[in-house]
Every structure is written in C-alpha cells, then in structure tokens.
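Each chain, letter by letter, is given below.
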Amino acid sequence: MASPPDQLGRPLVLYVEDDDLLAHLVQREIKAFEIVRVCNGEQALQFLNREGPFGDAPRPALVLLDLNMPRKDGFSTLADIRANPNLATVPVALFTSSQNPAHRPQAFALGADYFLQKPSGLSEFAELALQLATIIASDGTSR
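Presented here is a report on the structure given in the accompanying data block.

## Structural notes on the packing of helix 2 (residues 41-48) against helix 3 (residues 74-83)
Contact pair helix 2 / helix 3: the axes reach a minimum separation of 9 Å and the direction vectors enclose 20°. Considering their axes alone, helix 2 and helix 3 lie roughly parallel with respect to each other. With respect to the hand of their crossing, helix 2 and helix 3 are arranged in right-handed fashion. Contact residues: G41, A44, L45 and L48 in helix 2; T77, D80 and I81 in helix 3. Among the residues making up the contact of helix 2 with helix 3, the classes are represented as four nonpolar, two polar and one charged.

Given below as structure tokens:
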C-alpha cells in the first residue's frame, strides 16, 4: 500500500534523477504530487528500504526512475526493487529520454509497470502530470 497523502492531499512520488535541471523542472511544474527526489539508484534503494538518512521514509505511490544514471542505472535499480519481496509491488515507471527501441521491452522484462518519455519542452509537463495521475489512480495494477 502506498504512503498516505501529504498535508495537501498529494500522493508521494519518489523521483530518481541525476539531472538537476530536469529535476527542478519536474518539481516546479508538477504540483499534484509530493515529489521527493534522490540522485541515483543507490539512494533510491536506501529510501525504499528505509536505510541510512531515509529511516522514516514513507512508501511512495510511485517510483519515477531515470534510466541513465551514474553509480547504479535504472535497469539495475529496477531489478533490485523487483528482487526484494518487500518492494516488489511498488509501482515503478522508467523515465527516460532514450530513443533506443530495445529499452522499452527490457524495462518491462525487468518488471517496470510503465515506460515514460521525459518531456522535451515545458509544454509537455502537463501531459506528464496527467500520465502520473493516471498511473497513481490505477495503483500500479496495469503492468
């Protein structure tokens, strides 16, 4: 079960992104969710497992996981999430600018619930917000 909404009634999205500018834009443009950002897959796993500085972390309604990151990429992070029985049901959306046609089937083979393209312009953030709202409303059941 996902975390309870924040004080404003917004569900929590764990956003795993190493690009500071894009992370800032997502956090600024998408107000329907409480977005907690970590910078790499290692931090995401610490957050999800409530380890280290994330000992009191709530369970997110969705993990929005960048594919290409230093230290631990999105595919490896996704595989670790799905290998952990305590995290296996957390909805995960791989979030990428990659145009590689092999990435989508690889993401789903590893257990991604969704595969989303990163916005290429400010006008696309409204569409991303709608996609996230649909995903969270479905509670990750449309794998």
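## Examining the nonpolar core
Ranked by internal contacts, the top residues of the largest apolar core, which has 24 residues, are L14, V16, V63, L65 and L94. Contributing elements (two or more residues each) for this core: strand 1 (12-16), helix 2, strand 3 (62-66), helix 3 and strand 4 (92-96). By residue number, the principal contributor to this core is helix 2, which donates four residues. Once you skip the residues sitting within four places of it in the chain, L14 turns out to touch V36, V38, A44, F47, L48, P60, L62, V63 and L64. Counting residues in each nonpolar core, the second largest holds 21 residues, with L22, L25, I30 and L64 among its members.

Thresholds applied
- Residues numbered from 1 in each chain as written.
- Predicted model: local features only at pLDDT ≥ 70, side-chain atom pairs only at ≥ 80, totals over all residues.
- Heavy atoms only, no water.
- Axes fitted to C-alpha atoms, helices over the stretch in contact; angles between N-to-C directions.
- Helix = DSSP H or I, 4+ residues; strand = E, 2+ residues; numbered from the N terminus.
- Parallel < 35°, antiparallel > 145°, perpendicular 65-115°, else oblique.
- Left-handed = near helix turned anticlockwise from the far one by under 90°.
- Contact = heavy atoms within 4.5 Å.
- Nonpolar A, V, L, I, M, F, W, Y, C, P; charged D, E, K, R; others polar.
- Core = buried A, V, L, I, M, F, W, Y, C linked by side-chain atoms within 4.5 Å.
- Buried < 20%, exposed > 50% of the residue type's maximum accessible area, 1.4 Å probe, protein only.

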